[in-house]
Amino acid sequence: MKKDIEFHPVAGVKLAIAKEVIEGQTEWSVYIINHNLIELNTVMITSKGYGFIGGEQRRTSVLRHMIKELGPQSIAKIEPIDPALFALHNEFWVSYYILDQIFDKKFIFTEGSMNPANISFIPDLGLEGVLHR
């Protein structure tokens, strides 16, 4: 049972939504950043969007990703994201193992968090975007 699993607090793992220009087109993507000095194993990420657009409730499909290993102090691109979804809350549930311990955290980029005033340079990526801590 989930209630019987001891979850430890997440430290050293961040998510970012950042933009890059590829062949003249701006593309937005979601990244996971591992600042830990140890690798993460069996990284599972579930993403979904939800909220209201034009007074109508909207939900995106739930996407699931798995990264077998994310090395120490490394970065992985999780998925591309359509800027139209920035009008919604975008939730990313991240679970991973370090050795035999499981870690689990929900990251939510709230509606409006991708506002141009919130976008800054993210040194780890060398790109502009929003870093969720």
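Refer to the structure above for everything that follows.
Quick look at the structure, then. (Residues numbered from 1 in each chain as written. Predicted model: local features only at pLDDT ≥ 70, side-chain atom pairs only at ≥ 80, totals over all residues. Heavy atoms only, no water.)

**Focus: the packing of aromatic side chains**
A complete count under the given rule lists three aromatic pairs for this structure. An angle of 85° between the planes, with centres 6.0 Å apart, marks the rings of Phe-92 and Phe-109 as edge-to-face. Taken together, the residues Phe-92 in strand S7 (residues 89-98) and Phe-109 in strand S8 (residues 101-109) connect sequence positions 17 residues apart. For the pair formed by Phe-92 and Phe-109, the shared burial category is buried. Summarising the aromatic geometry, the rings of Tyr-96 and Phe-103 are spaced 5.4 Å apart at their centres and angled 10° between planes, so their arrangement reads as stacked. (Phe/Tyr/Trp six-rings, centres within 6.5 Å; stacked < 30°, edge-to-face > 60°. Helix = DSSP H or I, 4+ residues; strand = E, 2+ residues; numbered from the N terminus. Buried < 20%, exposed > 50% of the residue type's maximum accessible area, 1.4 Å probe, protein only.)

**Concerning the nonpolar core**
Ranked by internal contacts, the top residues of the largest apolar core, which has 25 residues, are Leu-15, Ile-17, Ile-32, Val-43, Val-94 and Tyr-96. Only strand S1 (13-22), strand S2 (25-34), strand S3 (40-53), strand S5 (63-70), strand S6 (74-80), S7 and S8 provide two or more residues apiece to this core. Here Leu-15 is in contact with Tyr-31, Ile-32, Ile-78, Phe-92, Val-94, Phe-107, Phe-109, Val-130, Leu-131 and His-132, once residues within four sequence places are set aside. Counting seven residues, the second-largest nonpolar core is a separate cluster that includes Ala-18, Tyr-31, Ile-122 and Leu-125. (Core = buried A, V, L, I, M, F, W, Y, C linked by side-chain atoms within 4.5 Å. Contact = heavy atoms within 4.5 Å.)

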